[in-house]
Amino acid sequence: QVQLVESGGGLVQAGGSLRLSCAASGRTFSRHAMAWFRQAPGKERGLVAAISWSGDNSYYADSVKGRFTISRDNAKNTVYLQMNSLNPEDTALYYCATTSRTGIPITIPRVYDYWGQGTQVTVSS
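This structure is a prediction, so every number in the text was calculated from the model and none was measured.

Draft legend 1. Structural detail: the pairing of strand 5 (residues 46-51). Across the six residues that make up strand 5, a large majority, five, are buried. By the bridge criterion, three bridges tie strand 5 to strand 6 (residues 58-60) in an arrangement that is antiparallel. Counted as the bridge partner of A50 is Y59 from strand 6. Hairpin connection from strand 5 to strand 6: six residues lie between these consecutive antiparallel strands, with G55 at a positive phi of about 85 degrees.

Draft legend 2. Summary view of empty space enclosed by the protein. Enumeration according to the criterion identifies one cavity of 30 Å³ or more in this entry. Considering only enclosed or pocket space, the largest cavity measures out at about 50 Å³ in volume. Along the walls of the largest cavity sit V2, L4, A24, S25, G26, R27, T28, F29, M34 and T98, which together make up its complete lining. Grouping the constituent residues of the lining of the largest cavity by class yields five nonpolar, four polar and one charged.

Draft legend 3. Spatial organisation of the environment of L81. Looking at where L81 falls in the secondary structure, it is placed in strand 8 (residues 78-83). Excluding residues within four positions of it along the chain, L81 makes contact with L18, R19, L20, W36, V48, A49, F68, T69, I70 and Y94.

Draft legend 4. Geometry of the layout of surface pockets. For the largest pocket, the calculated volume is near 200 Å³. As for the largest pocket, its lining consists of 15 residues, of which R38, A40, K43, E44 and E89 are closest to the centre. Where the lining of the largest pocket is concerned, the elements lending two or more residues are strand 4 (34-39) and strand 5. When residues in the lining of the largest pocket are grouped by element, the largest group, three residues, is from strand 5. Partitioned by chemical class, the residues of the lining of the largest pocket number six nonpolar, four polar and five charged.

Draft legend 5. Representation of the pattern of salt bridges in the model. Evaluation of the coordinates by the stated rule reveals three salt bridges. For the salt bridge of R38 with D90, the shortest nitrogen-to-oxygen distance reads 2.9 Å. Taken together, the residues span a long stretch of sequence, with R38 in strand 4 and D90 in the loop between strand 8 and strand 9 (92-98) at a distance of 52 residues. Take R38: its relative accessible area is 15%, and that puts it in the buried class.

Draft legend 6. Structural view of unusual backbone geometry. For N77, which is not glycine, the phi dihedral falls at a positive 50 degrees. Here N77 lies in the loop between strand 7 (68-73) and strand 8. You can call N77 partly exposed: its relative accessible area is 27%. The phi dihedral of S85 falls on the positive side, at around 50 degrees, and the residue is not glycine. Residue S85 is classed as partly exposed on the basis of its relative accessible area, which comes to 44%.

Rules of the game
Residue indices follow the written sequence of each chain, beginning from 1 at its first position. Only residues with pLDDT of at least 70 get local features here, since the model is predicted, and only at 80 or more are side-chain atom pairs given and counted; chain-wide, interface and lining totals rely on the full set of residues. The basis for every side-chain value is the complete set of non-hydrogen atoms in the structure, without hydrogens or water. Partly exposed residues are those whose accessible area sits between 20% and 50% of the maximum for their type, while under 20% is buried and over 50% is exposed, using a 1.4 Å probe and protein chains only. In this text, helices come from DSSP runs of H or I with a minimum length of four residues, and strands from runs of E with a minimum of two, each type numbered from the N-terminal end. The pairing criterion for strands is at least two bridges between them, as found by DSSP. A cavity here means a set of points on a 1 Å grid, drawn over the protein atoms and nothing else, where a 1.4 Å probe fits but cannot get out; a pocket is an open set with protein on both sides within 12 Å along at least five of seven lines, and a residue lines either one if it has an atom within 4 Å of a point. Grid points are joined across faces, edges and corners, and a volume is the space filled by probe spheres set on the points. Residues are sorted three ways: Asp, Glu, Lys and Arg are charged, Ala, Val, Leu, Ile, Met, Phe, Trp, Tyr, Cys and Pro are nonpolar, and all the rest, Gly among them, are polar. Between two residues, a contact is recorded if the distance between any of their heavy atoms is within 4.5 Å. One speaks of a salt bridge when a side-chain nitrogen belonging to Lys or Arg is within 4 Å of a carboxyl oxygen belonging to Asp or Glu.

Structure below.
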C-alpha cells in the first residue's frame, strides 16, 4: 500500500513563497516518477510539475515555469515543490502523486495512480 502525505500548504501573500513536501511510504520510492497536481474550485485537476525517478528529468506547466521547482530526495522518500512569486491564481488544493509504472513519460497525467490527500495553498492579493 503506497501512502503519500503532503505538508507545507498555507496562506501567503502575493509575491511570497511556500515549499510543499510529500513523504512517501509503502514501496520503493526511488524508482518511480513523482508529480504535483493542483485543483482550484470549479476547475479540473491539472499537472503542475513532475520529476523522473532519478531527478534528471523534470516538467513544468507553462503557468508555473520559472517560479516553481520540483525536487526529490530519494534517501528521505520525499518530493518537494518550491513555489516562489506566488499569485492568487496559484490558489488551489495541491496533490502529490506517483505512478506504479516505470519507464513511462512523466508528463502524462493518467499514468499517476497513487495520490495524497492534498494540501491547501491560498494566495491573497
